[in-house]
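# Per-entry structural report
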Amino acid sequence: MSTTREGFTFGVGVIGGIAVLAAVGLVATLVFGGVGWLTAPFRGEADKRERTEGSGAFRIATYEEFFGLCTAVQTKEGTIKALEEERGTATASRRARIDTSLTALKSSRAEAVHEYNSRAAQEHRSAFKDRDLPPRLDVNDTATRCAP
């Protein structure tokens, strides 16, 4: 009977040891990464909310940035229109300078339109664009409208 009792005690000890090792392994997993795995959905939602909401300063700066970009396009269009009107009555040498200026302004305007569209396409910025501003600007449009 003592042999059976010793075998039973040994078996309980082995099973108990395995249970203790499993518990230690589970605790170690939770401490060294499991907690991060368990909290990932909550942290992901918080990160998404932070990217969308942003700080107050970022929201205001982005809001103003879109108006600035749109206004830059309008300003270039106004200058282009004024130069085109002047070109009709200008001397030949002045027309040559006007043509050079017009080429530079049209290129600069296209660049400003592309910058506006690029920023409007960025998820973290587009949420802060005024609803009265156009979703995108057209390079071929000659009368950009930034506000109603």
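These notes cover the structure that comes with them. Residue positions are given per chain, counting from 1 as you read along its sequence in written order. Local features in this predicted model are restricted to residues whose pLDDT is 70 or higher, and side-chain atom pairs enter the listing and the counts only when it is 80 or higher, whereas totals over whole chains, interfaces and linings include all residues. Side-chain figures throughout are based on the complete set of non-hydrogen atoms in the structure, without hydrogens or water.

Disulfide: a covalent bond formed between the sulfur atoms of two cysteine residues. Our working definition of a disulfide is a cysteine sulfur pair at a distance within 2.5 Å. One pass over the structure, following the stated rule, counts one disulfide. The disulfide that involves cysteine 70 links it to cysteine 146, with 1.8 Å between the sulfurs. With the S-S dihedral at roughly -100°, the linkage between cysteine 70 and cysteine 146 falls on the left-handed side. Of this pair, cysteine 70 sits in helix 2 (residues 56–87) while cysteine 146 is found in the segment after helix 4 (123–126), placing the two residues 76 residues apart along the sequence. Here's how the labels work: a residue is buried when its accessible area is under 20% of the maximum for its type, exposed when over 50%, partly exposed in between, all with a 1.4 Å probe on protein chains only. Owing to a relative accessible area of 0%, cysteine 70 belongs among the buried residues under this scheme. For helices the rule is a DSSP run of H or I covering at least 4 residues; for strands it is a run of E covering at least 2, with both sets numbered from the N terminus onward.

This paragraph deals with the packing of aromatic side chains. Centre-to-centre distance and the angle between the planes together describe a pair of aromatic rings. Ring pairs shown here join Phe, Tyr and Trp side chains whose ring centres sit within 6.5 Å, with only the six-membered ring taken for Trp; geometry is labelled stacked below 30 degrees between planes, edge-to-face above 60, and tilted in between. Tallied over the full model, the rule gives one aromatic pair. Aromatic side chains phenylalanine 66 and tyrosine 116 sit 5.7 Å apart centroid to centroid with 80° between the ring planes, which places their arrangement in the edge-to-face category. Residue phenylalanine 66 is located in helix 2, and its partner tyrosine 116 is located in helix 3 (residues 92–121); the two are separated by 50 residues in the primary sequence. Tyrosine 116 shares its class with phenylalanine 66; the two are buried.

In this section: the pattern of salt bridges. Take a side-chain nitrogen of Lys or Arg and a carboxyl oxygen of Asp or Glu: if they are within 4 Å of each other, that pair is a salt bridge. Under the definition given, this model contains six salt bridges. A salt bridge links glutamate 86 to arginine 94; the shortest N-O distance between them is 2.7 Å. Glutamate 86 sits in the partly exposed class, given a relative accessible area of 31%.

Our focus in this paragraph is the nonpolar core. In terms of nonpolar packing, the biggest core is built from eleven residues, these being Phe66, Leu69, Cys70, Val73, Ala112, Val113, Tyr116, Ala120, Leu133, Leu137 and Cys146. Elements supplying a minimum of two residues to this core: helix 2 and helix 3. Non-local contacts of valine 113, meaning those with residues more than four positions away in its chain, are made with Val73, Leu137, Asp138 and Val139. By convention a nonpolar core is built from buried Ala, Val, Leu, Ile, Met, Phe, Trp, Tyr and Cys residues, the set being connected through side-chain atoms within 4.5 Å. Formed by six residues, the second largest nonpolar core is a distinct cluster that contains Leu83, Ala90, Ile98 and Leu102. What makes two residues a contact is simply this: any of their non-hydrogen atoms within 4.5 Å.

By themselves, these observations are geometric and do not establish any function.
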